[in-house]
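The chain contents come next:
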Amino acid sequence: MIAPDNPLKPIADKVHAGQRLTHEDGLTLYASNDIHTLGELANTVRERLHGRKTFFNINRHINYSNYCVLRCKFCSFYRPYEKPDPNAQTTEASIPLQIAGQPNEIGHGDVDPAGLPILSDSGGYEMTIDEVIAAAKIAHEAGATEVHIVGGLHPKLPFSYYTDMCSAIRESCPGMHIKAFTAIEIIHFTRITKPRKTIADVLSALRDAGLGSLPGGGAEIFDDRVHDEAFKNKVGEAEWFEVHRNAHELGIFSNATMLYGHIETREERINHLIKLREHQDASLKSRKAHFNTLIPLSFIPDESELDHIPAPTGLEDLKTLAISRLMLDNVPHIKAFWIMQTPKLAQVSLNWGIDDLDGTVFYYDITKREGDGTTHQELTVDKLQRLIREAGGDPIERDTLYRPVTRDETGQVVVNA
Ligand code: V47
């Protein structure tokens, strides 16, 4: 029972009545240190939508290149472009196909040596389409239902590289969902095509080539001040929403993110969530697709230009995940990306409003914690299921569009159109 003098009482009444929370409610939730009530409220919404079902997926991230024309201050991934030197030696620490040698129960472990990218002295790399396919095939054969493909804004690669990549994956990995390219990359593609393609044309061409949905990256914080201080030269909120509006109109589902814990205020975070909520209202009302999930991304300062800023605390992570669930009443899923929140905190969040744990991941180059530099970042299916069960959840393997995945005794997917 929540005490009548608890400042969260009016919010609790609204949550129980299924009413929408306001900007002020969001700030009141952040100001409160009654995290138990916050968790209970976020879980009320989570359980209303999903009961104890807790989703996870078998996926593989592929970062095709870290060359980028942008210099976002929070980003430790990008490298300035240099023409790759064909005689350069490969370096183990940053090899996208490096698999750390040990097979796991979904079968990773074989490395195709021909698929190793060539690194420049600066640590920059770009993968050939064959290398991307080799990585996708390893994932497909190991049971992944999704590849999540994003990269820097490469100054030289033509648009055909991206369409060819999608069609080659579709051909070599039948049935595997291609979730690829942030809104920022989509805008970049409109600029590199001659004559310039519209956003809708770029999306249609990618969909024709095999693209299944858009990931939520590149949203950061929708605020001009934050934009100008932390990622000035990147396209802003208007373009980000324009891409997702076009995608939803075309029937392409997408995700959304919020990168929190750097230079933004809590108020700016709540504004960000409300802007997403408004967009989702419009998509649900009149478009063919919508956001499936929000992924709040906890800022990892290591190796970035903002590495003097302390990372958000676990408590701030937990509050942000729970508040995201409460504010975004019209987005079906809120996902913890354990790479950023850590597996233990992601597990705690499953009782603070979160219903989805992404994923097996396997390889991730965009953020690496505590400078240990390793791109092999993986949770096995067994570990994901255990984390979920220990937190009292019922693990459900899902595909990208949240349909349950059924497998036969050999691990092959049996139900999934
Ligand atoms: O776009 C960059 C963010 C995003 C840092 O859609 C950082 O299912 C924290 O979007 N600390 C990429 N975050 C990740 C992403 C994502 C992840 C998982 C699932 C989905 C999905 C999307 O990571 C970037 C940027 O917003 N980012 N640098 C950093 N230092």
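Everything that follows concerns the structure shown earlier in this document.
Nothing here was measured: the structure is a model prediction, and the numbers come from that model.

Engineer: Would you mind showing me how to read the sheet that holds strand E12 (residues 394–397) here?
Structural biologist: Hydrogen bonds between backbone groups are what pair the strands of a sheet, and the pairing can be parallel or antiparallel. Ordered by their spatial adjacency, 6 strands build an open sheet running E6-E7-E8-E9-E1-E12, and the pairing between neighbours is parallel. For this open sheet the edge positions go to strand E6 (254–260) and E12, each flanked by a neighbour on one side alone. Across this sheet, the average inter-strand angle for adjacent strands is 30°, counted without regard to direction. Where E6 and strand E7 (residues 291–298) come together, 6 bridges link them in parallel fashion. Each bridged residue has a counterpart across the sheet, and for Leu-259 the counterpart in E7 is Leu-297. Contacting E6, E7 and strand E8 (333–337), helix H11 (residues 314–327) runs over the sheet at an angle of about 160° to E8.

Engineer: What am I meant to see in the sheet that holds strand E5 (residues 211–213) here?
Structural biologist: Judged by pairing direction, the sheet is parallel, and its 4 strands sit side by side in the order E2-E3-E4-E5 without closing on themselves. The open sheet terminates on both sides in strands that have one partner only, identified here as strand E2 (59–63) and E5. Strand-to-strand twist in this sheet, taken as the mean axis angle between neighbours without regard to direction, amounts to 40°. Where strand E4 (residues 177–180) meets E5, 2 bridges bridge the pair, whose relative direction is parallel.

Engineer: Is there a simple way to explain the packing of helix H2 (residues 23–31) against helix H10 (residues 266–286) in this structure?
Structural biologist: Helix-helix packing is described using two parameters, namely the angle between the two axes and the distance between the axes. Contact geometry for H2 and H10: axes closest at 10 Å, N-to-C directions at 135°. The orientation of H2 relative to H10 falls into the category oblique. Considering only the axes of H2 and H10, their crossing is right-handed. Between H2 and H10, the residues in contact are His-23, Gly-26, Leu-27, Tyr-30 and Ala-31 and Arg-266, Glu-267, Arg-269, Ile-270, Asn-271 and Ile-274, respectively. Of the residues that constitute the contact of H2 with H10, the class distribution is 5 nonpolar, 3 polar and 3 charged.

Engineer: Please explain the site of the ligand as it appears in this structure.
Structural biologist: The immediate surroundings of the ligand are formed by 23 residues, with Lys-179, Gly-216, Gly-218, Glu-220 and Ile-300 found nearest. Within the backbone of Ile-300, an N or O atom sits 2.8 Å from a nitrogen atom of the ligand. When isolated, the ligand has an accessible area of 610 Å², and the protein chains bury 96% of it. Structurally, the ligand is housed in the largest cavity. Of all the secondary-structure elements, those providing two or more residues to the shell around the ligand are E6, E7 and E8.

Engineer: Just to check I follow, could you spell out the side chain of Arg-277 for this structure?
Structural biologist: In this fold, Arg-277 is placed in helix H10. This buried residue, Arg-277, is left without a salt bridge; Asp-329 holds the nearest opposite charge, at 4.6 Å. Here the side chain of Arg-277 touches Leu-21 through a polar contact of 2.9 Å, landing on its backbone oxygen.

Engineer: Explanation requested: helix H5 (residues 159–172) in the structure shown.
Structural biologist: The periodicity of an α-helix, 3.6 residues per turn, causes residues three or four places apart in sequence to face the same way. Its 14 residues give H5 an end-to-end C-alpha distance of 20 Å, which sits within 8% of 20 Å, the value for a rise of 1.5 Å per residue. All buried positions along H5 are accounted for by Phe-159, Tyr-161, Tyr-162, Thr-163, Met-165, Cys-166 and Ile-169. In this structure, the buried residues of H5 make contact with helix H4 (129–141), strand E3 (146–150), E4, helix H6 (183–192), helix H7 (199–209) and E5.

Engineer: Help me understand the pairing of E8 in this model?
Structural biologist: A regular strand places its side chains so that they alternate between the two faces of the sheet. The element E8 is extensively covered by neighbouring structure, given that 5 of its 5 residues are classed as buried. Pairing between E7 and E8: 2 bridges, direction parallel. In the strand pairing of E8, Thr-293 is matched with His-333. Once you follow E7 into H11 and on to E8, the crossover reads as right-handed. Bridge count for E8 against strand E9 (residues 356–358) is 3 bridges, and the pairing is parallel. Bridging across to E9, Phe-337 finds its partner in Asp-358.

Engineer: For this particular structure, what's the right way to read the packing of aromatic side chains?
Structural biologist: Both the distance between ring centres and the angle between the ring planes are used here to describe each pair of aromatic rings. Under the counting rule described, the total for this entry stands at 15 aromatic pairs. With a centroid separation of 5.3 Å and an interplanar angle of 55°, the aromatic rings of Phe-222 and Trp-240 are classed as tilted. Placement of the pair is Phe-222 in the loop between E5 and helix H8 (224–230) and Trp-240 in helix H9 (residues 237–250), with a sequence separation of 18 residues. Judged by its relative accessible area of 1%, Trp-240 is buried. A network of ring pairs unites the aromatic residues Tyr-64, Phe-159, Tyr-161, Tyr-162, Phe-181 and Phe-189 as a single cluster. Of note, Arg-398 hangs over the ring of Tyr-402, and the distance from its end group to the ring centre comes to 4.2 Å.

Engineer: Sorry if this is basic, but what is going on with H7 here?
Structural biologist: Listed in full, the buried residues belonging to H7 are Ile-199, Val-202, Leu-203, Leu-206 and Ala-209. The arc that holds every buried residue of H7, seen down its axis, measures 125°, which confines them to one face. Here the buried face of H7 lies against H5, H6, E5 and H9. Looking at the residues trailing H7, positive phi occurs at Gly-210, about 130°.

Engineer: I would appreciate a short explanation of the pairing of strand E1 (residues 53–56) in the present structure.
Structural biologist: Strand direction decides the pairing type here: E1 and E12, joined by 4 bridges, are parallel. Counterpart to Thr-54 in the pairing with E12 is Pro-395.

What counts and how
Residues numbered from 1 in each chain as written. Predicted model: local features only at pLDDT ≥ 70, side-chain atom pairs only at ≥ 80, totals over all residues. Heavy atoms only, no water. Pairing = 2+ DSSP bridges. Helix = DSSP H or I, 4+ residues; strand = E, 2+ residues; numbered from the N terminus. Axes fitted to C-alpha atoms, helices over the stretch in contact; angles between N-to-C directions. Contact = heavy atoms within 4.5 Å. Parallel < 35°, antiparallel > 145°, perpendicular 65-115°, else oblique. Left-handed = near helix turned anticlockwise from the far one by under 90°. Nonpolar A, V, L, I, M, F, W, Y, C, P; charged D, E, K, R; others polar. Near = heavy atom within 4 Å. Polar contact = N/O pair within 3.5 Å; in protein donor to acceptor, adjacent residues only side chain to side chain. Areas by Shrake-Rupley, 256 points an atom, 1.4 Å probe, with all protein chains shown as cover. 1 Å grid on protein atoms, 1.4 Å probe; cavity = no way out; pocket = protein on both sides within 12 Å on 5 of 7 lines; lining within 4 Å. Sits in = over half its atoms within 2 Å of the grid points. Buried < 20%, exposed > 50% of the residue type's maximum accessible area, 1.4 Å probe, protein only. Lys, Arg positive; Asp, Glu negative; His and termini not counted. Salt bridge = Lys/Arg side-chain N within 4 Å of Asp/Glu carboxyl O. Expected span 1.5 Å × (residues − 1). Right-handed = clockwise from strand over helix to strand, strands pointing away. Phe/Tyr/Trp six-rings, centres within 6.5 Å; stacked < 30°, edge-to-face > 60°. Lys NZ or Arg CZ within 6 Å of the ring centre and 35° of its normal. Arc of directions from axis to C-beta.

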